[in-house]
Protein chains: 4
Amino acid sequence: MDQRTGVGLVGTGFMGKCHALAFQAVRATFPDTLRVRLRRLVDVDPAVTEAFARAFDFERWSTRFEDLIEDPDVLIVAITTPNFLHQEMALAAMAVGKHVYCEKPLALDAAGARTMAEAAERAGVKTLVGYNYLRSPAVGLAREVIRSGGIGDVIHFRGAHFEDFLADPAAPRTWRLTRATAGGGALGDMGSHVVSLARHLVGGIEEVMGATQTVIAERPDPREPGRRLPVDVDDQAQALLRFENGASGTLETSWLAQGRKMGLTFEITGTRGAILFDQERMNEIRLFQGGGPRRLHGFKTILMGPDHPHYACFCPAPGHGLGFNDLKTIEVKALLDGIRDGTPIDPDFRAGLEIAQVIEAIQLSAAEGRWVRPDAL
Amino acid sequence: MDQRTGVGLVGTGFMGKCHALAFQAVRATFPDTLRVRLRRLVDVDPAVTEAFARAFDFERWSTRFEDLIEDPDVLIVAITTPNFLHQEMALAAMAVGKHVYCEKPLALDAAGARTMAEAAERAGVKTLVGYNYLRSPAVGLAREVIRSGGIGDVIHFRGAHFEDFLADPAAPRTWRLTRATAGGGALGDMGSHVVSLARHLVGGIEEVMGATQTVIAERPDPREPGRRLPVDVDDQAQALLRFENGASGTLETSWLAQGRKMGLTFEITGTRGAILFDQERMNEIRLFQGGGPRRLHGFKTILMGPDHPHYACFCPAPGHGLGFNDLKTIEVKALLDGIRDGTPIDPDFRAGLEIAQVIEAIQLSAAEGRWVRPDAL
Amino acid sequence: MDQRTGVGLVGTGFMGKCHALAFQAVRATFPDTLRVRLRRLVDVDPAVTEAFARAFDFERWSTRFEDLIEDPDVLIVAITTPNFLHQEMALAAMAVGKHVYCEKPLALDAAGARTMAEAAERAGVKTLVGYNYLRSPAVGLAREVIRSGGIGDVIHFRGAHFEDFLADPAAPRTWRLTRATAGGGALGDMGSHVVSLARHLVGGIEEVMGATQTVIAERPDPREPGRRLPVDVDDQAQALLRFENGASGTLETSWLAQGRKMGLTFEITGTRGAILFDQERMNEIRLFQGGGPRRLHGFKTILMGPDHPHYACFCPAPGHGLGFNDLKTIEVKALLDGIRDGTPIDPDFRAGLEIAQVIEAIQLSAAEGRWVRPDAL
Amino acid sequence: MDQRTGVGLVGTGFMGKCHALAFQAVRATFPDTLRVRLRRLVDVDPAVTEAFARAFDFERWSTRFEDLIEDPDVLIVAITTPNFLHQEMALAAMAVGKHVYCEKPLALDAAGARTMAEAAERAGVKTLVGYNYLRSPAVGLAREVIRSGGIGDVIHFRGAHFEDFLADPAAPRTWRLTRATAGGGALGDMGSHVVSLARHLVGGIEEVMGATQTVIAERPDPREPGRRLPVDVDDQAQALLRFENGASGTLETSWLAQGRKMGLTFEITGTRGAILFDQERMNEIRLFQGGGPRRLHGFKTILMGPDHPHYACFCPAPGHGLGFNDLKTIEVKALLDGIRDGTPIDPDFRAGLEIAQVIEAIQLSAAEGRWVRPDAL
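Read on for an overview of the structure. The written sequence of each chain sets the order in which its residues are numbered from 1. Note on labels: chains are lettered from A, ligands numbered from 1, in written order. Reporting in this predicted model follows two pLDDT cut-offs: at least 70 for local features of residues, and 80 or more for side-chain atom pairs to be given and counted; totals over whole chains, interfaces and linings ignore these cut-offs and use all residues. Hydrogens and water molecules were not included; the side-chain quantities draw on all heavy atoms of the structure.

Here's the deal with the overall build of chain A
When you go through chain A residue by residue, the secondary structure sums to 11 helices and 16 strands. Radius of gyration here is computed from C-alpha atoms only, and the compact-globule reference equals 2.2 Å multiplied by the residue count raised to the power 0.38. For 377 residues, the compact-globule formula gives about 21 Å, and the C-alpha radius of gyration of chain A, at 21 Å, lands near that figure. When the backbone C-alpha atoms are referred to their principal axes, chain A occupies close to 65 × 50 × 40 Å. When checking whether two residues touch, look at their non-hydrogen atoms; a contact exists if any pair is within 4.5 Å. Within chain A, contacts between residues separated by at least 24 positions form 69% of all contacts whose residues are at least 6 apart in sequence. Just so you have it, chain A exposes about 12,600 Å², and 50% of that area is on carbon and sulfur atoms. By the counting scheme adopted, Arg and Lys are positive, Glu and Asp are negative, and His together with the chain ends is not counted. Where a charge lies is defined by one atom per residue type, namely NZ (Lys), CZ (Arg), CG (Asp) and CD (Glu). Between the centroid of the 42 positive side chains of chain A and the centroid of its 48 negative side chains there is a distance of 4 Å. Segments assigned H or I by DSSP are reported as helices when at least four residues long, segments assigned E as strands when at least two residues long, and all are numbered from the N terminus. Surface accessibility follows the Shrake-Rupley procedure with a 1.4 Å probe radius. Residue values consider only the protein chains on display as shielding.

This is how it looks when you write it as structure tokens:
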């Protein structure tokens with residue numbers, strides 16, 4: 001009998017490929033983790049699905065999501081579909097006791113995320129939300145430095161996620177650009193990454209004040225380019241944050257930010273130091289620590305290497321660098337270890353809910369012009 | 001008879017020296033401008049004042065501010081005293097028809113700034129507020145690029161001014177750290193530079209939402225270090241901005257920002273490009289412009305050179321770089337040209353008032369948790 | 001019958017793992033390429049070999065190199081052993097008609113490399129030498145820009161490879177530190193990467209003038225740390241280069257370069273532009289092109305994305321970044337495509353010989369203090 | 001009687017303006033130094049000379065160099081003319097006991113420089129050669145760190161000076177482009193800056209191996225643009241260096257280096273650390289020091305501030321930055337202090353000779369293809 005843990009994947013797009021590559025690479029990269037088999041693949045287009053399945057050696061494939069649910073050999077369901085499908089699929093999988101690895105954002109709103117988190121807890125299954133930027137050695141080092149007091153008490157967080165993939169007004173109105181299918185705009189899609197990092201590195205967010213803008217109010221219908229459809233989600237958002245531990249913060253995001261390709265950045269200031277990070281240079285971090293002669297003070301640019309979390313599993317030599325896909329491999333390892341050991345996984349659906357609450361609080365604050373507490377949603 | 005314009009300077013500190021150096025260098029750097037003579041110097045300590053006056057060849061010096069006011073050969077009064085003295089000194093100077101060059105922030109609050117702006121307009125004298133970071137070739141180029149449509153319509157401004165000169169809790173509670181003498185904290189002192197840039201590059205600010213924090217609530221008494229005195233101004237501040245032209249923005253500032261020395265930065269995003277700037281690298285600007293083949297897209301790092309505003313007056317060769325003190329020389333040239341030609345100077349006291357209104361609006365918003373319009377103050 | 005191409009790998013160290021991961025990932029990343037099976041693994045330690053084989057799902061493993069040679073299901077032999085073993089192993093594999101994928105440098109000297117290149121040509125097998133830094137999208141873009149005249153005629157090449165992995169004098173004298181086992185020092189190990197890039201981007205090298213230094217003349221015996229053994233290879237090397245096309249160049253390398261982790265850099269200047277690259281930031285390239293208004297001149301920092309060679313096969317979104325291991329996946333694709341199509345592969349053993357000649361010419365020049373032509377060796 | 005030291009300046013170009021500004025600013029910046037008066041100005045064009053003299057308040061001006069020599073109130077002669085005039089002017093000034101401040105390079109060749117150095121020593125006057133890049137706080141810090149053992153023993157120096165001001169083949173053949181008037185090409189003009197830094201930071205150069213190229217062999221006659229004149233100096237040069245203390249090194253220079261504006265850079269590697277510098281970012285230095293936990297290793301970017309040499313005399317606040325002209329002010333202070341105190345000045349004409357010998361040794365080596373000792377010239 002095959003002792004390997006069966007994985008069912010739904011979705012063959014950008015994230016589908018990332019998941020499949022990661023499940024394939026995880027065992028060799030992290031020899032101690034669970035062994036997996038790519039058991040089943042599901043997507044809507046039969047030809048695409050078959051080609052993808054063959055490339056990755058999936059054992060079976062089809063266009064029916066239920067096939068995953070009904071397959072007793074699938075223990076883990078990995079969901080990489082558009083946002084509006086996450087909730088229904090995850091609930092179906094958890095209802096039959098499968099572990100769920102779901103792309104972010106978790107649901108269309110906090111209520112949906114709550115339903116999912118509560119279902120996961122009732123079902124007693126393991127869950128993981130794909131906030132993959134938490135996985136880099138650089139973020140891991142930042143967390144270690146902060147936790148060990150290396151920059152003193154955190155007093156300010158400045159986070160942003162800027163990209164420009166929708167800066168062209170001729171980009172069609174796909175599912176990402178309506179509230180009904182995406183739940184939100186840049187704020188939910190990208191701003192949620194900032195929230196995931198803020199939470200991971202600084203702690204819980206107590207109160208927010210937000211502003212959102214829809215700059216390009218209409219875009220071409222993807223099926224009929226001559227026709228224009230309204231956009232009802234934000235293109236840009238900004239927020240002031242108050243953390244539970246007293247730190248202040250800001251969050252900004254935009255998918256119209258010309259020139260920025262993967263501009264997820266943070267600057268964390270503590271009472272004795274500071275840390276700067278830019279995902280476009282994901283293999284380095286900038287660290288300032290006071291002390292010592294002032295004439296030698298400066299931000300250190302630390303290149304990732306085998307002394308940093310997980311790096312050595314990819315490469316024994318420093319400075320060689322991980323890539324984006326490697327982050328997914330680390331994420332899959334976290335999932336598999338949690339399943340194997342029955343230990344908590346972060347961020348699980350409960351954490352995904354907390355992130356969703358912050359996003360929704362910013363949306364509400366933007367609408368009402370007042371400070372809003374995420375935990376009230 | 002000496003045809004040169006007489007300058008009276010009050011203050012021999014950091015800014016006093018900058019002013020004196022700039023008045024000394026301006027003629028050789030900008031041969032067409034007014035010639036000046038350093039007529040009188042005033043400060044409180046007689047020995048310091050004399051040494052400073054001798055170093056700069058001031059004709060006369062004393063410890064009595066009135067001496068400046070009463071000297072008919074002083075046409076320009078340059079004020080570099082602590083904030084709480086600006087208003088009284090400027091009003092006295094303008095009352096006898098002298099032009100006033102005043103360090104920022106203009107006054108302790110918007111009301112004070114209004115009094116000064118109105119007095120200037122009544123007196124018909126020229127005024128200039130020392131927001132020197134507006135003077136760099138890089139900021140000049142940014143403005144030209146934006147005005148000529150080089151990045152399309154501005155949709156977002158992200159500005160910050162971070163330093164760490166008060167990060168040490170053992171730093172004494174000087175005049176900068178009480179509202180009565182400074183008018184505000186980091187927000188007024190440094191955040192006002194961000195506002196000056198936002199206004200210069202993007203336009204008027206219609207509405208703000210702010211937050212402020214006093215992180216180090218007590219500091220040693222400068223006269224009795226064993227004793228601790230309360231701090232009633234902000235150490236950090238953040239704000240959301242709405243510009244008159246519809247752009248959104250953020251502003252952040254802190255004098256506790258470990259590792260940042262002159263961290264005045266902005267990122268301006270337009271519909272067709274973006275500009276990034278960092279005062280710590282004041283001789284370069286980063287510019288993204290769409291168009292052309294996508295595989296060659298990227299931010300250009302443009303080094304300042306003789307093709308950029310005022311640079312050629314300092315040096316005919318690109319990349320050699322100006323320094324901070326050179327910005328003051330350019331500022332003094334703006335003052336002298338305005339006086340010579342009777343043309344508007346920017347930022348004058350009216351502009352200083354508008355900046356003060358934005359700062360006060362952020363303070364009020366932080367206190368009341370609501371959006372505030374600067375023009376309502 | 002299994003239609004997949006059988007791979008035999010010798011070596012389970014740093015490069016062994018890279019090869020295995022790459023063979024595993026190549027099919028999903030590049031669906032059109034040959035399918036491979038990890039048929040056999042060989043290394044000296046049985047336990048390590050078994051664990052490695054199980055992690056990567058090798059079908060068979062042993063400690064006898066001949067097992068690879070004798071296995072009719074092995075079509076490709078991948079050699080990742082210390083340098084002194086390359087020649088013997090490759091010759092044995094080619095003698096029975098197997099394709100060979102060999103780590104760099106090819107042999108201990110130019111004579112050995114010539115033997116290998118000639119054997120490959122006689123055997124009619126495909127060969128590839130693992131100069132993996134040629135594979136990055138950034139280097140690919142640099143080559144495209146240069147070939148298409150984007151920087152005019154190349155007039156200067158400045159290349160270096162600096163690391164610090166042997167900067168500690170307490171590092172033991174391993175096989176890398178004797179001429180008998182390594183063939184050379186930093187020059188052969190790392191300088192050869194610079195030569196591979198120079199050749200790839202600028203063209204053939206006609207003449208060299210070199211200098212080499214052994215800074216740490218003795219190091220601890222790895223088996224008996226109290227004892228010290230002499231080092232007879234270079235720790236640092238520098239060379240002046242003359243290219244066939246008339247360009248001048250320099251090459252520098254060191255494994256004592258404190259602070260540099262993967263400091264493989266080049267600066268290529270042409271008559272109309274320039275390109276700068278640093279492997280520590282392998283996902284970006286800096287490009288200067290003249291033309292247009294001089295006030296907007298500057299180096300562009302181009303982030304790699306799907307418009308650049310091979311990037312899209314890993315990720316559809318720009319700026320996300322590849323990692324070091326991904327370069328090996330691209331390298332394996334080049335090998336498999338060449339085998340499938342019977343087309344030339346670059347760099348093959350003939351190219352490996354040419355690189356070895358340049359290295360040996362620098363060594364000879366350093367010894368004799370005169371310019372040396374690589375093609376005379 | 002005027003107690004101030006009289007300065008006579010010859011030349012009103014780029015360097016003439018720098019000198020004049022520096023003499024004007026030095027007293028206020030460095031209050032303890034000698035006071036100076038701008039006594040006389042000389043240049044060939046009467047109108048230009050007068051305008052310049054008026055802008056800087058020179059007391060007298062003319063177009064006759066002898067006027068400087070004959071003026072008993074001129075104690076310091078500052079020479080900023082084209083290279084071929086340095087020797088004759090300096091000799092004339094020293095012959096009548098005047099101190100000489102001469103722009104670099106000192107003479108057309110080592111023989112000329114020797115004549116000047118010996119004349120200075122015979123006359124007992126003070127001399128200074130204008131290698132202004134030695135004056136920056138960053139270079140000062142680098143020197144302090146190296147001298148105090150902060151990077152261990154220096155084992156490698158990598159220096160370059162790249163600019164692109166002659167990259168355009170249409171740039172006319174001015175005095176810089178003939179050996180008779182300039183003494184050399186990029187090597188003498190810019191490479192000499194690299195030598196000055198190498199000497200200042202690492203020590204004496206024992207032997208060199210060089211290569212030079214004239215890439216653009218003809219350029220338009222400045223007086224008759226349709227006509228083309230030959231260029232007999234190098235456009236690019238490279239050299240290998242051996243220092244007296246055993247360190248190795250490289251030097252590169254070019255005035256065809258597209259995109260580089262003030263690209264004077266060095267990388268100095270020691271046994272325990274390394275220092276990187278780029279004059280285009282003259283207000284920062286990058287320092288690596290081993291020790292401490294390896295996971296926090298990295299290059300520190302140190303921003304110049306009042307803890308670094310001379311910075312505090314310009315500005316009390318860190319990170320504000322000096323500009324190029326400020327370097328000349330520091331240089332003039334060194335000259336005046338040396339005159340006041342009768343102490344050695346570095347680099348004086350003797351040092352200028354040593355730099356000239358290195359340059360000439362590289363030229364000779366390039367011609368003869370062999371290592372050459374500078375001290376043999």
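Digging into the interface of chain A and chain B
Listed by partner, the interface residues are 38 residues for chain A and 38 residues for chain B. When a carboxyl oxygen of Asp or Glu is within 4 Å of a side-chain nitrogen of Lys or Arg, the pair counts as a salt bridge. Our count for the contact surface shared by chain A and chain B stands at 4 salt bridges. As a salt-bridge pair, Glu252(B) and Arg158(A) come within 2.7 Å of each other at their nearest N and O atoms. Secondary-structure elements contributing two or more residues to the side of chain A that touches chain B are strand S7 (154-162), strand S8 (205-213), strand S11 (236-243), strand S12 (248-254), strand S13 (263-270) and strand S14 (273-278) of chain A.

Notes on empty space enclosed by the protein
Put simply, the grid is 1 Å and covers the protein atoms alone, a cavity is a trapped set of points that fit a 1.4 Å probe, a pocket is an open set with protein on both sides within 12 Å along at least five of seven lines, and lining residues have an atom within 4 Å of a point. Grid points are joined across faces, edges and corners, and a volume is the space filled by probe spheres set on the points. Considering all chains together, one arrives at 10 cavities of 30 Å³ or more under this definition. Considering only enclosed or pocket space, the largest cavity measures out at about 260 Å³ in volume. Together, 19 residues line the largest cavity, and Leu21(B), Ala25(B), Asp326(B), Ala25(D) and Asp326(D) are the ones closest to its centre. Breaking the lining of the largest cavity down by element, the ones donating at least two residues are helix H1 (14-29) and helix H10 (324-341) of chain B together with helix H1 (14-29) and helix H10 (324-341) of chain D. If you tally residues by element for the lining of the largest cavity, the top one is H1(B), at 6 residues.

A look at the sheet that holds strand S4 (residues 76-79) of chain A
All names here are of chain A. Pairing between strands requires that DSSP locate at least two bridges from one strand to the other. Taking strand neighbours across the sheet as the criterion, the 6 strands line up as S3-S2-S1-S4-S5-S6 in an open arrangement whose pairing is parallel. Lying at the two open borders of the sheet, with one neighbouring strand each, are strand S3 (60-62) and strand S6 (127-129). Between one strand axis and the next, the sheet turns by 20° as a mean value, whatever way the strands run. Sheet analysis places S4 next to strand S5 (residues 99-102), joined by 4 bridges and oriented parallel. Across the sheet, the residue bridging to Ile76 is His99, located in S5. A fitted line through C-alpha atoms represents every axis, and for helices the fit uses only the stretch in contact; the resulting angles, taken between N-to-C directions, go from 0 to 180 degrees.

Some words on unusual backbone geometry
Note the cis peptide between Lys104(B) and Pro105(B), where omega equals -10°. Relative to the helices and strands, Pro105(B) resides in the loop between strand S5 (99-102) and helix H5 (110-123). The omega torsion of the bond from Asp346(D) to Pro347(D) falls at -5°, within 30 degrees of zero and hence cis. Relative to the helices and strands, Pro347(D) is located in the loop between H10 and helix H11 (349-368). With a phi angle near 75°, His310(B) is a residue other than glycine that sits in the positive phi range. Examined against the element boundaries, His310(B) turns out to sit in the loop between strand S16 (299-303) and helix H9 (311-314).

Description of the interface of chain C and chain A
Opposite the 36 residues of chain C that make contact, chain A presents 36 residues. Defined here as a combined quantity, buried area equals the accessible surface (1.4 Å probe) lost by two parts on assembly, summed across both. When chain C packs against chain A, close to 3,100 Å² is buried across both sides, 53% of that on carbon and sulfur atoms. Scanning the region where chain C abuts chain A turns up 4 salt bridges. Note that Arg281(A) and Glu284(C) form a salt bridge whose closest N and O atoms lie 2.5 Å from each other. Distance and chemistry together define a polar contact, namely a pair of N or O atoms within 3.5 Å, with one atom able to donate a hydrogen and the other to accept it when in protein, and with adjacent residues in sequence counting only for side-chain atoms on both sides. Inspection of the region where chain C meets chain A yields 12 residue pairs in polar contact (both at pLDDT 80 or more). Contributing elements (two or more residues each) for the side of chain C that touches chain A: helix H1 (14-29), helix H2 (46-56), helix H9 (311-314) and helix H10 (324-341) of chain C.

Topic: the nonpolar core
Phe23(B), Phe266(B), Phe349(B), Phe23(D), Phe266(D) and Phe349(D) are the most contacted members of the largest nonpolar core, which has 216 residues in total. Working definition of a nonpolar core: buried Ala, Val, Leu, Ile, Met, Phe, Trp, Tyr and Cys residues. They are joined through side-chain atoms within 4.5 Å. A 1.4 Å probe rolled over the protein chains alone gives each residue an accessible area, and that area as a share of the maximum for its type sets the label: buried under 20%, exposed over 50%, partly exposed in between. Phe277(A), Phe23(C), Met94(C) and Leu128(C) belong to the second-largest nonpolar core, a separate cluster that totals 215 residues.

Observations concerning the relation of the copies chain A and chain B
Overlaying chain A on chain B yields an RMSD of 0.0 Å, the required transformation being a rotation through 180° with an accompanying axial translation of 0.0 Å. This pairing of chains is accounted for by a two-fold axis. Distance from the rotation axis, computed per C-alpha, reaches its smallest value in chain A at Arg370(A): 3.0 Å. The residues that chain A uses at the interface reappear at the interface of chain B in 100% of cases, marking a shared surface. To line up the copies, we fit them by least squares on C-alpha atoms, keeping just the residues with pLDDT of at least 70 in both.

Points about helix H8 (residues 186-201) of chain B
Residue and element names in this part refer to chain B. Spanning 16 residues, H8 covers 22 Å between terminal C-alpha atoms, matching the ideal 22 Å at 1.5 Å per step. A residue's bend is simply the angle between two axes: one fitted to the seven residues ending at it, one to the seven starting at it. Of all the bends in H8, the greatest measures close to 35° and is centred on Ser192. Along H8, 15 of the 16 residues are buried, which leaves the element largely enclosed by surrounding structure. Any helix carries an expected span of 1.5 Å times its number of residues minus one.

Some remarks on the sheet that holds strand S5 (residues 99-102) of chain C
The strands making up a sheet associate through hydrogen bonds between their backbones, and the pairing can be parallel or antiparallel. Residue and element names in this part refer to chain C. Read across the sheet, 6 strands follow the order S3-S2-S1-S4-S5-S6 without closing on themselves; strand pairing throughout is parallel. What marks the edges here is a single partner per strand, and that holds for strand S3 (60-62) and strand S6 (127-129). Within the sheet, the average angular offset between the axes of one strand and its neighbour, ignoring direction, is 20°.

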